Number of protein chains: 2
Amino acid sequence: MARPKNDNFLRALLREPVDFTPVWLMRQAGRYLPEYCETRRRAGSFLNLCKDPSLACEVTLQPLARYGLDAAILFSDILTVPDAMGLGLYFADGEGPKFERPLRDEWEIRDLQAPDPNVHLRYVMDAVAEIRRALADSVPLIGFSGSPFTLACYMVEGGGSEDFRTIKTMLFDRPDLLHRILEVTTTAVTDYLNAQIESGAQAVQIFDTWGGMLPAHAYREFSLAYMERIVADLIKRRDGERVPSIVFTKGGGQWLEAIAAIGCDAIGLDWTTDIGEARRRVGDKVALQGNMDPMALFASDEAVRKEARRILAGYGSGSGHVFNLGHGISQHTPPERVSALVDAVHQHRP
Amino acid sequence: MARPKNDNFLRALLREPVDFTPVWLMRQAGRYLPEYCETRRRAGSFLNLCKDPSLACEVTLQPLARYGLDAAILFSDILTVPDAMGLGLYFADGEGPKFERPLRDEWEIRDLQAPDPNVHLRYVMDAVAEIRRALADSVPLIGFSGSPFTLACYMVEGGGSEDFRTIKTMLFDRPDLLHRILEVTTTAVTDYLNAQIESGAQAVQIFDTWGGMLPAHAYREFSLAYMERIVADLIKRRDGERVPSIVFTKGGGQWLEAIAAIGCDAIGLDWTTDIGEARRRVGDKVALQGNMDPMALFASDEAVRKEARRILAGYGSGSGHVFNLGHGISQHTPPERVSALVDAVHQHRP
């Protein structure tokens, strides 16, 4: 099986020559699109949308119908994995994700098991296969997972947190328990990403949303070390093609050299990092993905184009750059601004 | 006038030899102390507490009565400055600070004026003088202000923000307007800090709470450049003694070399930065302040001591380290944990 017709995204990740800098946006299928809100209404809830492969496929394709994006990303939620581990994911109105049974007692942690993704997360694999069929080799499909530490944050806190007090108390007081959670979650994430690759994902991204809230030494021990094991155990080739991996630690700009050393093909940068400096720091070890401030999309088309050109020029010439935002697109973004951005990126000659 | 009896804090900032590593905690006079809550109740409101010099003095001294801290910090709020500019600071219950008249229209921005701190912020200067008398040269008193960019965030957003959408839209669309706000606020902060020094503050800290939410180039243009001007215009000596300045950009770990170059005496580090690496990066240009994760204070005494020793060892031998947390102490902190921390720091021989 050959690469998709537009394979600039895969080529940039592998630092092969590209026709133009490819672009996709984190959370590109989301609430800023009226058609997404329509489908979500029909689904009845966000979780129904995630768990119905046809609806997940429908919303995955919506941003590609509007914009000339160079990759699709599976529509799902990072918390489906702990949900499949039995923690009982639910969404309280206006409150974000919660778990009915967060990990609090030692016996719950000892009992934790990695789910079989082909059984307990079958709906995700079905969505991946259906999206691949629908894409018909136009652009590549990205699979993804939360990082073990980020998943553990939600599993221990029981939902979002402002200060991560519960998991950090565990980290300082009972590192053995946190390591046990991370061990099991690492197995779960590895199996989950490999099942997505087997089902048709052509690249994978690990979202380490909360690793950047850790002290540097704890980041290495409790987040990066586990992502390194996952990257090592990922399926490297499928249908004769390399399956690249992207590691994105939000707030990880201080640790790029360490991230580049774990064997991933690319690093996602949040918007605070200067992409030119990042390139000098990681050299030719990895490709870079990012990193426009999502809030720039609230400015005028002209300001959006200027900011995009600044980042493209900052990266410099040659392949190895996948343009993206430095974080998920805001639900309040005017959809027409995304057209201005995608056009500006594609007009640039890398 | 001589230095205070315990001047280890000032000596560490100036990288002169110390007897032990000095320690103070950001927000050390705060809600985790029952005696603070008692005084605040008597004051009727947080703003009353800030605006009454005797009560502000009382709460400033409370943590020093409990713990062997090596510096006092003026009890006040960073938003008293925009309040004095006429924006109308108020605190809605459980919602954090708000302004009645946030800066939205161009004419409001054009009309903005720096207040005379000795008139409009007289209550702060009176508190500084009263605290100095009460301290009776036992330990130094730190004065402080928010950074111009951090103050501008609240002035433009009208309160706290999750995404800083309003100010960032202004930054990308109308940088001229944001620069105008920052110009006036820089004058206000400079005058305010110099008035604190004239009233008796023996060191000053600039809190740049939100500069770390900016893209690197915007941090330099909209936050760091203005702090550089303030540092240049600060009163350098008072009563024959050098008045050191500390710049603390939360989330600024990527930019330490640039911060060290603006002429401040010390850089505050948040808890994500490795203090040993920070020291290697800034060399002997500045002292370092920080940087324990405030959440470590929820672990056991033994874990607190271990984490403190890890940071002290990470800094290494010699002067130039003021121990602190990497952010303000949490209101939920068990007060007895602070004793364990202060003892551990003082037992260490730098």
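In case you missed it, the structure is sitting above this.
Source: prediction; values computed, not measured.

Reading the values: rules and limits
By convention here, each chain's residues receive numbers from 1 onward along its written sequence. Written order determines the labels here, with chains lettered from A and ligands numbered from 1. Given that this is a predicted model, residues contribute local features only at a pLDDT of at least 70 and side-chain atom pairs are listed and counted only at 80 or more, while totals for whole chains, interfaces and linings are drawn from all residues. Here, any two strands with at least 2 DSSP bridges between them count as paired. Each helix corresponds to a stretch of at least 4 residues labelled H or I by DSSP, and each strand to a stretch of at least 2 residues labelled E; elements are numbered beginning at the N terminus. Residues are treated as contacting if the C-beta atoms built from their backbones sit within 7 Å of each other. Asp, Glu, Lys and Arg are counted as charged, while Ala, Val, Leu, Ile, Met, Phe, Trp, Tyr, Cys and Pro are counted as nonpolar; the rest, among them Gly, fall into the polar class. Residues with at least 20 neighbouring C-beta atoms inside 10 Å of their own are called buried, those with 12 or fewer are called exposed, and the rest are partly exposed, where every C-beta is derived from the backbone.

**Q** Run through the sheet that holds strand S9 (residues 266–268) of chain A, naming residues and quoting values.
**A** Residue and element names in this part refer to chain A. Strands sit in the order S1-S4-S5-S8-S9-S10-S11 across an open sheet of seven strands; the sheet is parallel. Single-partner strands in this sheet number two, and they are strand S1 (72–73) and strand S11 (321–325). Sheet topology places strand S10 (residues 287–292) next to S11; five bridges connect them, and they run parallel. When the bridges of S11 are listed, glycine 290 appears paired with phenylalanine 323.

**Q** Any chance you could break down the pairing of strand S3 (residues 96–99) of chain B for me, citing the residues and the numbers?
**A** Side-chain direction in a regular strand flips from residue to residue, so the side chains alternate between the two faces of the sheet. Residues and elements named next belong to chain B. When strand S2 (residues 89–92) meets S3, the two strands line up antiparallel, connected through four bridges. Residue leucine 89 lies in a different strand from S3, and its bridge partner there is phenylalanine 99. If you look at the hairpin formed by S2 and S3, you'll find three residues sitting between the two strands, and glycine 94 has a positive phi there, around 70 degrees.

**Q** Describe the interface of chain A and chain B, with residues and values.
**A** Tallying the contact residues gives 28 residues for chain A and 28 residues for chain B. Elements with a contribution of two residues or more to the side of chain A that touches chain B: helix H10 (165–173), helix H12 (216–233) and helix H15 (301–315) of chain A. No other element matches H10(A), which puts five residues into the side of chain A that touches chain B. Partitioning the side of chain A that touches chain B into residue classes produces eleven nonpolar, ten polar and seven charged.

**Q** Which residues make up the environment of A:Ala84, and what values do they have?
**A** Take A:Ala84: it is sitting in helix H5 (residues 80–87). Sequence-wise, A:Ala84 and A:Ile109 are 25 residues apart; in three dimensions their C-alpha atoms are separated by 15 Å.

**Q** Outline helix H4 (residues 53–66) of chain A, listing residues and values.
**A** Within H4(A) the residues assigned to the buried category are A:Ala56, A:Cys57, A:Glu58, A:Val59, A:Thr60 and A:Pro63. On its buried face, H4(A) sits against helix H2 (34–43), helix H3 (46–51), S1 and helix H8 (122–135) of chain A.

**Q** Just give me the short version of unusual backbone geometry, but keep the residues and values in it.
**A** All names here are of chain A. Each neighbour pair has its own omega, and for glycine 290 with asparagine 291 the value is -5 degrees, a cis peptide bond. With respect to the element layout, asparagine 291 can be found in strand S10. The phi torsion at aspartate 137 lies on the positive side, around 60 degrees, for a residue other than glycine. Structurally, the position occupied by aspartate 137 is in the loop between H8 and strand S4 (141–146). Taking the C-beta count within 10 Å as the criterion, aspartate 137 has 16 such neighbours and is therefore assigned partly exposed. Positive phi values are uncommon outside glycine, yet phenylalanine 164 reaches one of about 55 degrees. In this fold, phenylalanine 164 is placed in the loop between helix H9 (148–157) and H10.

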